[in-house]
Amino acid sequence: MMRREALAAGAVVLRGFAEPFAAELLADLDRLLVQSPWRHMTTPGGYRMSVAMTNCGPWGWVSDPTGYRYDALDPLTGHAWPAMPASFLAVATGAASAAGFEGFVPDACLVNRYEAGAKLSLHQDKDEQDHSAPIVSVSLGMPAVFLFGGRRRAEAVQRVPLAHGDVAVWGGPARLSYHGVLPLKPGQHASTGACRINLTFRRAR
Ligand code: MD6
Ligand code: FE
């Protein structure tokens, strides 16, 4: 059973939406990691990100000392990113529809791995060309506290626990909302061990 929790106009958490697909998503993730492995990117400010990342699909989100961008090639391998698995696409389009965003076809999936202590500071996703498409964010494994604010950094931030199988979707009036993830607590999850995996789907181009 899926529970729907509104965060704001245009933003919702679909509790457990991805749970039935979790085993397939994680098996497909293992296959794509052979092609484009985890790496810790560097921020434009020169810091090593605590979250390990990779991508799949036509476009991959990349951070390096020159800035943030979407790139068709994995800078680590020089090759195209792995294709987006059918299971990933199905969960992303299904969750978007359930959240009221019909016709969402992601062309980028950023995959994040949080280990104990890893965090993501409050930010907006604005490197995409098309802000009419939502962001679809699938949580697997260890739980985390997601921070969800407003369009301006100074606005109040909600603390939203995200567990295995939960999907957060934000678009429309919430598309440019500030968001982040608090440092992951140590622990173990049956499907991912000590880490949290997050699949973030976007329309980059
Ligand atoms: C999450 N990730 O891991 C949310 N945004 O739950 C993001 O919001 C994110 O990991 C932009 C770039 C990288 C990210
Ligand atoms: Fe983000």
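Above this text sits the structure in question.
Residues numbered from 1 in each chain as written. Chains lettered and ligands numbered in written order. Predicted model: local features only at pLDDT ≥ 70, side-chain atom pairs only at ≥ 80, totals over all residues. Heavy atoms only, no water.

Considerations on the overall build of the protein chain
Our working rule: Under the scheme used here, helices are H or I runs from DSSP no shorter than 4 residues and strands are E runs no shorter than 2 residues, and both carry numbers assigned from the N terminus. Partly exposed residues are those whose accessible area sits between 20% and 50% of the maximum for their type, while under 20% is buried and over 50% is exposed, using a 1.4 Å probe and protein chains only. Here a residue-residue contact requires only that any non-hydrogen atoms of the pair lie within 4.5 Å. For the area figures, the Shrake-Rupley method with a 1.4 Å probe applies, and any residue is considered shielded solely by the protein chains shown. This count recognises Lys and Arg as positive and Asp and Glu as negative, with His and chain-terminal groups excluded. In plain terms, the charge of a residue is placed at NZ if it is Lys, CZ if Arg, CG if Asp and CD if Glu.
When helices and strands are tallied, the protein chain shows two helices and 13 strands. Expressed as lengths along the three principal axes of its C-alpha atoms, the size of the protein chain is roughly 40 × 35 × 35 Å. Within the protein chain, the proportion of its 205 residues that are buried is 51%. When contacts within the protein chain are restricted to residue pairs at least 6 apart in sequence, long-range pairs at least 24 apart make up 72% of them. Split by element, the accessible area of the protein chain, about 9,200 Å² in all, is 57% carbon and sulfur. Computed over 20 positive and 17 negative side-chain charges, the inter-centroid distance for the protein chain is 7 Å.

Digging into the packing of aromatic side chains
Applicable threshold: Ring pairs are drawn from Phe, Tyr and Trp, using the six-membered ring of Trp, whenever the two centres fall within 6.5 Å, and their geometry is named by plane angle: stacked under 30 degrees, edge-to-face over 60, tilted for the rest.
Taken as a whole, this structure holds six aromatic pairs when the rule is applied. Seen in terms of ring centroids, Trp 61 and Tyr 68 are 5.3 Å apart; in terms of plane orientation they differ by 25 degrees. Their pairing is stacked. Aromatic side chains Phe 88 and Phe 201 sit 6.2 Å apart centroid to centroid with 85 degrees between the ring planes, which places their arrangement in the edge-to-face category. With Phe 88 in helix H2 (residues 86-98) and Phe 201 in strand E13 (residues 196-202), this pair connects stretches of sequence that are 113 residues apart.

Thoughts on the pairing of strand E8 (residues 135-141)
Here is the rule: Strands are treated as partners if at least two bridges between them are detected by DSSP.
A large share of E8 lies buried, amounting to seven of its seven residues. In terms of strand pairing, E8 meets strand E11 (residues 167-170) through four bridges, oriented antiparallel. For Val 138, the partnering residue across the bridge sits in E11 and is Val 167. In this structure, E8 lies alongside E13, joined through six bridges in antiparallel fashion. Counted as the bridge partner of Leu 140 is Ile 197 from E13.

Examining the coordination of the iron ion (ligand 2)
Stated precisely, the cut-off is as follows: Each metal's donors are the N, O and S atoms within 2.8 Å of it, or within 3.2 Å when it is Na, K or Ca, and because water is not part of the set, sites may look incomplete.
Taken together, His 123 (NE2), Asp 125 (OD) and His 179 (NE2) make up the protein donors of the iron ion (ligand 2), found 2.1 to 2.2 Å from the metal. Each donor residue of the iron ion (ligand 2) lies on one chain, and together they are spaced H-x1-D-x53-H.

Observations regarding the sheet that holds strand E9 (residues 144-148)
Put simply, the rule reads: Axis definition: a line fitted to C-alpha atoms, limited for helices to the stretch in contact. Angles are taken between N-to-C directions and run from 0 to 180 degrees.
Overall, antiparallel pairing links the four strands, which are arranged E7-E12-E9-E10 in an open sheet. Of all strands in the sheet, those bounded by a partner on one side alone are strand E7 (120-123) and strand E10 (158-162). Between one strand axis and the next, the sheet turns through 20 degrees on average, direction left out of account. With two bridges connecting them, E7 and strand E12 (residues 179-181) associate as antiparallel partners. Bridge pairing links His 123 to His 179 in E12.

Description of the pairing of strand E1 (residues 3-8)
Pairing of E1 with strand E2 (residues 11-15), which is carried by five bridges, proceeds in the antiparallel orientation. Residue pairing in the sheet places Arg 4 in a bridge with Leu 14 of E2. In this structure, the hairpin formed by E1 and E2 is closed by a connection of two residues, where Gly 10 is found at a positive phi of approximately 90 degrees.

Things to note about the nonpolar core
We apply this condition: We define the nonpolar core as a collection of buried residues of types Ala, Val, Leu, Ile, Met, Phe, Trp, Tyr and Cys that are connected through side-chain atoms lying within 4.5 Å of one another.
In this structure, Phe 88, Val 138, Val 167, Leu 199 and Phe 201 are the most contacted members of the largest nonpolar core, which totals 31 residues. Secondary-structure elements contributing two or more residues to this core are E2, helix H1 (22-35), H2, strand E6 (108-114), E8, E11 and E13. In contact with Val 138, other than residues within four places in its own chain, are Ala 18, Leu 25, Val 91, Asp 166, Val 167, Ile 197, Asn 198, Leu 199 and Phe 201. Core analysis: the next-biggest nonpolar cluster, separate from the first, contains 27 residues, Met 41, Met 49, Tyr 114 and Phe 146 among them.

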